[in-house]
Amino acid sequence: MTEACVGCGLAIEGGTQACQALFDGMTLRAMSDMRYARVHRLTVDAYAMQHPDRYGRSAKSFAAHLTGLCCGVEYAGSEATYATLQRWLNGRSPVERPEVPAPRGAFTIADVLAREDPSAHSGAVDRWARTTWEAYAALHSLARAWVATALREGAEPTGRR
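We now turn to the structure provided with this report.

Reading the values: rules and limits
- Residues numbered from 1 in each chain as written.
- Predicted model: local features only at pLDDT ≥ 70, side-chain atom pairs only at ≥ 80, totals over all residues.
- Heavy atoms only, no water.
- Helix = DSSP H or I, 4+ residues; strand = E, 2+ residues; numbered from the N terminus.
- Polar contact = N/O pair within 3.5 Å; in protein donor to acceptor, adjacent residues only side chain to side chain.
- Salt bridge = Lys/Arg side-chain N within 4 Å of Asp/Glu carboxyl O.
- Buried < 20%, exposed > 50% of the residue type's maximum accessible area, 1.4 Å probe, protein only.
- Axes fitted to C-alpha atoms, helices over the stretch in contact; angles between N-to-C directions.
- Parallel < 35°, antiparallel > 145°, perpendicular 65-115°, else oblique.
- Contact = heavy atoms within 4.5 Å.
- Nonpolar A, V, L, I, M, F, W, Y, C, P; charged D, E, K, R; others polar.

1. What about the environment of R54?
Within the element layout of this structure, R54 appears in helix α4 (residues 52–55). Distance in space between the C-alpha atoms of R54 and G7 is 8.5 Å, their sequence separation being 47 residues. Here Q20 takes part through its side chain, which lies 3.3 Å from a polar atom of the side chain of R54.

Structure, rendered in structure tokens:
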């Protein structure tokens, strides 16, 4: 019986559990094939922000994925920015979890998996991330402020003075 995933709304036999299984399979593919691995970080952030009740329960996890999505979309997935965000969120972080919007983007993991060619897959991940980011438009200023704070305050690696 087809059910809607409670996170992204994907209509799939098995509902939320089946949607999670798709993500798990996509993760395994990225770990075994570097052609898919290069967009895996953006994949994780898009999936997490469409499923924040599982992947963004805490304020810190929510902030990590929201700022990761912002980095992927607005900073072209800058590895330096991702690293700075991770350092900034390491330890006590001055963030509070905001209200989550619904819906969270019409493009889902199923749309990405429909593209088997690595290049088409990468383009679909980009579209997925952008539609998910747009669904969070009410939180763009917060995400951008967190990224700016991280870049301003978190530039030094943990342990350096």
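2. Details of the pattern of salt bridges
As enumerated under the stated definition, the model contains 5 salt bridges in all. D33 is the salt-bridge partner of R35, the closest N and O atoms lying 2.7 Å from each other. On the basis of relative accessible area, R35 is assigned to the partly exposed category, the value being 49%. D33 sits in the buried class, given a relative accessible area of 19%.

3. Looking at the packing of helix α6 (residues 79–89) against helix α9 (residues 140–153)
Between α6 and α9, the least distance of the axes is 9 Å, while the angle of their chain directions is 85°. When the interaxial angle is binned, α6 and α9 end up roughly perpendicular. Across the interface between the two elements, T81, T84, L85 and W88 of α6 pack against W146, V147, T149, A150, L151 and E153 of α9. Its residues placed into classes, the contact of α6 with α9 shows 6 nonpolar, 3 polar and 1 charged.

Bear in mind that shape data such as this cannot, by itself, settle questions of function.
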